[in-house]
Structure formats: structure tokens, C-alpha cells
Amino acid sequence: EAQVTQNPRYLITVTGKKLTVTCSQNMNHEYMSWYRQDPGLGLRQIYYSMNVEVTDKGDVPEGYKVSRKEKRNFPLILESPSPNQTSLYFCASSLRGGQGKAFFGQGTRLTVV
Amino acid sequence: QKEVEQNSGPLSVPEGAIASLNCTYSDRVSQSFFWYRQYSGKSPELIMSIYSNGDKEDGRFTAQLNKASQYVSLLIRDSQPSDSATYLCALYYGNNRLAFGKGNQVVVIP
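First, a word on what this report is: a plain description of the structure on this page. Computed from a prediction, not measured in an experiment: that's the story for all the values here.

Thresholds, definitions, all that
- Residues numbered from 1 in each chain as written.
- Chains lettered and ligands numbered in written order.
- Predicted model: local features only at pLDDT ≥ 70, side-chain atom pairs only at ≥ 80, totals over all residues.
- Heavy atoms only, no water.
- Helix = DSSP H or I, 4+ residues; strand = E, 2+ residues; numbered from the N terminus.
- Rg over C-alpha atoms; globule rule 2.2 N^0.38 Å.
- Buried < 20%, exposed > 50% of the residue type's maximum accessible area, 1.4 Å probe, protein only.
- Contact = heavy atoms within 4.5 Å.
- Areas by Shrake-Rupley, 256 points an atom, 1.4 Å probe, with all protein chains shown as cover.
- Lys, Arg positive; Asp, Glu negative; His and termini not counted.
- Charge placed at Lys NZ, Arg CZ, Asp CG, Glu CD.
- Pairing = 2+ DSSP bridges.
- 1 Å grid on protein atoms, 1.4 Å probe; cavity = no way out; pocket = protein on both sides within 12 Å on 5 of 7 lines; lining within 4 Å.
- Points joined across faces, edges and corners; volume = space filled by probe spheres on them.
- Nonpolar A, V, L, I, M, F, W, Y, C, P; charged D, E, K, R; others polar.
- Phe/Tyr/Trp six-rings, centres within 6.5 Å; stacked < 30°, edge-to-face > 60°.

## Points about the overall build of chain B
When helices and strands are counted, chain B shows zero helices and eleven strands. Going from N to C terminus, chain B has its helices and strands arranged as β-β-β-β-β-β-β-β-β-β-β. Taken over C-alpha atoms, the radius of gyration comes to 13 Å for chain B, in line with the 13 Å a tight globule of 110 residues would show. When the backbone C-alpha atoms are referred to their principal axes, chain B occupies close to 40 × 30 × 20 Å. Residue burial in chain B is summarised as follows: out of 110 residues, 47% are buried. Within chain B, counting contacts between residues at least 6 apart in sequence, those at least 24 apart form 52% of the total. In the structure as shown, chain B presents an accessible area of about 5,100 Å², 46% of it carried by carbon and sulfur atoms. The average position of the 10 basic charges and that of the 10 acidic charges among the side chains of chain B differ by 7 Å.

## So, the sheet that holds strand β3 (residues 19-25) of chain B
Residue and element names in this part refer to chain B. Read across the sheet, five strands follow the order β1-β3-β8-β7-β6 without closing on themselves; strand pairing throughout is antiparallel. The open sheet has two edge strands, β1 (4-5) and β6 (54-58), and neither has a second partner. With two bridges connecting them, β1 and β3 associate as antiparallel partners. Bridging across to β3, Glu5 finds its partner in Thr24.

## Thoughts on the layout of surface pockets
To find leftover empty space, one rolls a probe the size of a water molecule over the atoms. A volume near 520 Å³ is recorded for the largest pocket. Lining the largest pocket are 26 residues, with Gln37(A), Leu88(A), Arg109(A), Gln38(B) and Gly41(B) sitting closest to its centre. Sorting the residues of the lining of the largest pocket by element identifies β4 (31-38), β9 (87-94) and β11 (108-112) of chain A together with β9 (85-92) of chain B as the ones contributing at least two each. For the lining of the largest pocket, the class distribution of residues is eight nonpolar, 13 polar and five charged. Estimates place the volume of the second largest pocket at around 390 Å³. Looking at the lining of the second largest pocket, the elements that each hand over two or more residues are β1 (4-7) and β10 (103-104) of chain A together with β5 (45-50) of chain B. Looking at the lining of the second largest pocket, its residues break down into seven nonpolar, six polar and five charged.

## A closer look at the pairing of strand β11 (residues 104-109) of chain B
Residue and element names in this part refer to chain B. A one-sided burial pattern is seen for β11, the buried positions being Asn104, Val106 and Val108 and the unburied ones Gln105, Val107 and Ile109. The pairing of strand β2 (residues 11-14) with β11 spans four bridges and is classified as parallel. What sits directly across from Ser12, in β11, is Val107. Pairing analysis gives three bridges linking β9 to β11, with the strands arranged antiparallel. Residue Ala85 lies in a different strand from β11, and its bridge partner there is Val106.

## Focus: the packing of aromatic side chains
All names here are of chain A. Under the defined criterion, the tally for this structure stands at ten aromatic pairs over all chains. Look at Phe90 and Phe104: their rings are 6.1 Å apart centre to centre, the planes differ by 90°, and that puts the pair in the edge-to-face class. Residue Phe90 is found in strand β9, and its partner Phe104 is found in strand β10; the two are separated by 14 residues along the sequence. Side by side, Phe90 and Phe104 carry an identical accessibility label, which is buried.

## Regarding empty space enclosed by the protein
Residue and element names in this part refer to chain A. All chains considered together, the criterion is met by one cavity of 30 Å³ or more. In this structure, the largest cavity occupies an estimated 50 Å³ of space. Along its surface, the largest cavity is lined by ten residues, and Tyr31, Ser33, Tyr35, Ser94 and Ala102 are the ones closest to its centre. Breaking the lining of the largest cavity down by element, the ones donating at least two residues are β4 and β9. A breakdown of the residues in the lining of the largest cavity according to their chemical character gives five nonpolar, five polar and no charged.

Read these as spatial facts, not as claims about activity.
Right, dumping it as C-alpha cells:
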């Protein structure tokens, strides 16, 4: 089954404790991206990757890091989480970048206290 | 950040009626437009894409694009309770970037 898998689904952490949210897709897509979704603000892109070792900032990259060492994986790293990073995070992949159908992961609800 | 506006508040429609959603955008260069549906607590899923002016129909869904007026709309005919969700308008504005609107909630009343 074609899917994008995120882990964990739910995470509560404390300010400053580094964390990683994993994302993996099994569709051989070159394009992957991370979004955060906040009430009243909609989906905003954090980072995206057009291929292995090629990443770029989206609209709200501050406080986040990503890496793309393998085509299937695109982890999101919060080196020093803060409460304003409490949000619902989605990973997505697509075959044709922003022009194609995006497949979204199940989401990760992160709370930073 | 590219502007994608979905200004309508929650939309309540009776079962069997037509739900109409509108989206305006500010980037005249945008060429590809999408509607995603998101059920509460779930991830967005693509339901329609449209690339040229006019109407595109897929089952009970019709997307309408007017590039001169910079709007794209979604009509849901014969609305069903299973259509109750938030609908997100999105546009591709180049450089492999997608911009999303904030979404419109639709509630279909049986």
C-alpha cells in the first residue's frame, strides 16, 4: 500500500529537549516536504526536499532542521524545541513536486511544555 | 508567502444540497490549483486538481477556475454527511512550492 508514515503520532516534550520526527514513504517519490498546521493559520511549509541531499527552506523554517540522506526518509529535527512549536505536523511526498498530488502522513501532534 | 484566501466561515448545508466553496489567490503566475479534503483529526487528501480555465467535473465534485479573476471554486453536488470536513484550497506557484489556504469547514446536516 502506498503510504507516508510518520512517527511518533503524539509527543509531549519539554522545552530544549532535542527531538526527531521521522517520515518515510514507499512510493519512490523524489519530492518530500514538512508542514505545520495551526488553528487560524492553515498549513504552512517548513522545509522541502527535491531529492537526496537537496533541501530548502519553506515559509517557516526557523527552529527546524531536516536531512535527506535516503530517498525514502525525510526526518524533521527540533534541536531546542520551544512552546511556540506546539503544533500538528504533516510530512508529504509527491512525484512531481508542488505540481503533483501530495500524499500526506498521518500527522504528529507535538506539545512542548 | 503566496496568498491563498478562503474567507468564508463554516458552511452548513442540508443533505442533498449543493455546497459552494471559493478561494482567491494573489499570484498571477500560478498555474496549478488543488482542492484537498481534511476530516477532523486526519491528514489532507487530494480530491480535485485543475490547471486551465473553466470547469472540471469528477463525480459529485466540480472545480471551477477563472485565472483572470484569480479565483477557484469547488462545488459539491448532492451533499452527503460524509462530505462534512474541512476543504483546503492550494496552488502551485513554481519552484516546487505549494501554498495552502486556511480551509473552509463544511457541515452537511442530515
